[in-house]
Amino acid sequence: MQIKSARVIVTCPGRNFVTLKIEVEGGLTGIGDATLNGRELSVVSYLEDHVCPALIGKDARRIEDIWQFLYRGAYWRRGPVTMRAIAAVDVALWDIKAKAAKMPLYDLLGGKSRDRVMVYGHANGGDIDETVDAVGRYIEMGYKAIRAQTGIPGVKGAYGVGRGDLYYEPADAALPSETLWNTTSYLDYAPKLFEALRDRFGFDHHLLHDVHHRLTPIEAARLGKSLEPARLFWMEDCTPAENQEAFRLVRQHTVTPLAVGEIFNTIWDCKDLIGEQLIDYIRATIVGAGGVTGLRRIADYAAIYQVRTGCHGATDLSPVTLGTAVHFDSWVPNFGIQEYMRHTPETDAVFPHNYAFEDGYLLVGETPGHGVDIDEEEAAKYPYKPMQLPVARLEDGTMWNW
Ligand code: GCO
Ligand code: MG
């Protein structure tokens, strides 16, 4: 089953997506997502200039060997660009293999471990009252788990608060827009949001919160402690994780469950976090961590330590990643939850797919492959637009973690 062609398709139905399409002798095709929010064209070049030419003529059935070829063969290992390129190839090849086997991808991975995949949606508002209302709307839509983020009075552009409930997208300008951060106001305000949410809705729903790497370990420990009465499903990215040891301090002080990993690329980014049981959920995902092959290694290792999966699923991960994730989640024994931000109708039209939301869960499709396609005519209607993520500064002008 020789690879005949490998092509990159860039489209911007509201936001940019990079897709790799591989075709093998005999005509079967598969697609993989290579989107890196705000840095899309670097992956396009990596694929077109360095990866696609090397794929031609290779046996598409040898997924592991091709993964190793791209990982070891680059010599310059890891990193978001390399690992996204590898992910795109890997997912396209799994898609082809599953189509050739006439099986939905989850079957090829080992079969379903569950019938449906619990997801969480994003509720946000400018202040506590608006966010409480937004959570109410998610509950009405059937969600069992909701991430809640609120603007903070006096803090311009606090993380997670955007344009409307359903289609929040932070990459909003050709050059990074500037936002402001104030840790003192945040540490004071965020616990009040969750108190208000529990007062209004009780404890029947899972609540989640994303700190987006903005606290130091001791501040994160304090927030975790003050959120304990709200019994969160998780507190995410409470402090930057380049230094995995930082989580030891947070862990020592709070029983609020910890999630991290949406920016991780390989098992090496989380080996100690998992092995020392410093976290409860690993957020690495298909497109970020080297495809199904890369993520499976992380998930299997995590299972040994009772760490569960919670794949990143923001809208900058294309429907190809989301669709593949739903197969992965249906199989993976140590599943925790799946993030699910809805794509716009324009995006859904570019990427026809067969996963479906029902009553707080995503249901996996039953057609062979990962069940997501790309309509190239639709895609061509939306040319690439430069868009970058914002940056954050403290009030005195110091650059901070966005
Ligand atoms: C999340 C994330 C996203 C990121 C986005 C960056 O938990 O969903 O933090 O919203 O900010 O993926 O491109
Ligand atoms: Mg996050």
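Residues numbered from 1 in each chain as written. Chains lettered and ligands numbered in written order. Predicted model: local features only at pLDDT ≥ 70, side-chain atom pairs only at ≥ 80, totals over all residues.

Applicable threshold: UniProt positions are given in the numbering used here, feature names are shortened, and annotations may be inferred rather than shown by experiment.
With an unreviewed UniProt entry as reference, the chain is termed mannonate dehydratase, source organism Aurantiacibacter gangjinensis. Of the chain, the UniProt comment under Sequence similarities (unreviewed entry) reads exactly: "Belongs to the mandelate racemase/muconate lactonizing enzyme family. GalD subfamily."

**Overview of the pairing of strand E1 (residues 3-11)**
Moving residue by residue along a regular strand, the side chains alternate between the two faces of the sheet. Counted only if it meets this: If DSSP finds at least two bridges between two strands, the strands pair. Secondary structure follows DSSP: runs of H or I at least 4 residues long count as helices, runs of E at least 2 residues long count as strands, and numbering of each begins at the N terminus.
One ladder, built from eight bridges, connects E1 with strand E2 (residues 17-24); its direction is antiparallel. By the bridge assignment for E2, alanine 6 is matched with isoleucine 22. Joining the antiparallel neighbours E1 and E2 is a turn of five residues, in which glycine 14 adopts a positive phi near 105°.

**Describing the nonpolar core**
Put simply, the test is: Linking buried Ala, Val, Leu, Ile, Met, Phe, Trp, Tyr and Cys residues through C-beta atoms within 7 Å yields a set, and such a set is a nonpolar core. The exposure label follows from counting other C-beta atoms within 10 Å of a residue's C-beta, where the C-beta atoms are placed from the backbone and the thresholds are 20 or more for buried and 12 or fewer for exposed, leaving partly exposed in between. For the domains described, the bounds stem from an automatic or database domain assignment. This entry defines residue contacts through backbone-placed C-beta atoms, with two residues in contact when those atoms are within 7 Å.
Val89 and Ile279 are the most contacted members of the largest nonpolar core, which totals 118 residues. Per element, the largest residue contribution to this core is twelve residues, and it comes from helix H3 (residues 80-100). Taken together, domain 1 (3-104) and domain 2 (108-367) each give at least three residues to this core, which thus spans both. Discounting residues that sit within four places of it in the chain, isoleucine 279 has contacts with Phe247, Leu258, Ala259, Val260, Leu273, Ile274 and Val307.

**Looking at unusual backbone geometry**
The phi dihedral of arginine 78 falls on the positive side, at around 70°, and the residue is not glycine. The topology assignment puts arginine 78 in the loop between helix H2 (63-73) and H3. Overall, arginine 78 belongs to the partly exposed group, with 16 C-beta atoms counted inside 10 Å. Within the chain, glutamine 277 stands out as a residue other than glycine whose phi angle is a positive 50°. For glutamine 277, the position within the fold is in the loop between helix H9 (271-275) and strand E10 (281-282). The exposed category is assigned to glutamine 277, around which 12 C-beta atoms lie within 10 Å.

**Here's the deal with the environment of threonine 321**
Topologically, threonine 321 is positioned in helix H11 (residues 319-331). Take threonine 321: there are 31 C-beta atoms within 10 Å of it, and that puts it in the buried class. Ignoring any residue separated from it by four or fewer positions in sequence, one finds threonine 321 in contact with Asp33, Thr285, Ile286 and Val287.

**A closer look at the sheet that holds strand E6 (residues 178-181)**
The three strands lie next to each other as E6-E15-E16, forming an open sheet whose pairing is mixed. Where the open sheet ends on each side, the last strands, each with one partner, are E6 and strand E16 (399-400). Judged from the four bridges that link them, E6 and strand E15 (residues 391-394) form a sheet pairing that is parallel. Across the sheet, the residue bridging to threonine 179 is alanine 392, located in E15.

**Considering the pairing of E15**
As paired elements, E15 and E16 share two bridges and run antiparallel to each other. Across the sheet, arginine 393 pairs through a bridge with methionine 399, a residue of E16. Once E15 ends, the chain turns through four residues before running back antiparallel as E16, passing glycine 397 with a positive phi of about 100°.

**Observations concerning the sheet that holds strand E3 (residues 29-33)**
Operational definition: Here, axes are lines fitted to C-alpha atoms. For helices the fit covers the stretch in contact, and angles between N-to-C directions go from 0 to 180 degrees.
Sheet architecture is open: three strands sit in the order E1-E2-E3, paired in antiparallel fashion. Across the chains shown, the open sheet's two edge strands, defined by having one partner strand only, are E1 and E3. Here the strands of the sheet are splayed against their neighbours by 20° on average, with no regard to which way each runs. In the sheet, E2 pairs with E3 via five bridges, with the strands oriented antiparallel. Note that in E3 the partner of glutamate 23 across the bridge is threonine 29. Set on the sheet, helix H1 (residues 40-55) makes contact with E1 and E2; between it and E1 the angle comes to about 170°.

**Structural notes on the domain arrangement of the chain**
Definition in use: The nonpolar class holds Ala, Val, Leu, Ile, Met, Phe, Trp, Tyr, Cys and Pro. Asp, Glu, Lys and Arg form the charged class, and all remaining residues, Gly among them, are polar.
Per the domain assignment, the segments of the chain are domain 1 (3-104) and domain 2 (108-367). For domain 1 and domain 2, the distance between their C-alpha centres works out to 26 Å. Every contact between the two is made by 30 residues of domain 1 and, on the other side, 31 residues of domain 2. Those elements giving two or more residues to the side of domain 1 that touches domain 2 turn out to be E2, E3, H2 and H3. The greatest single-element share of the side of domain 1 that touches domain 2, amounting to ten residues, is contributed by H3. By residue class, the composition of the side of domain 1 that touches domain 2 is 15 nonpolar, eight polar and seven charged.

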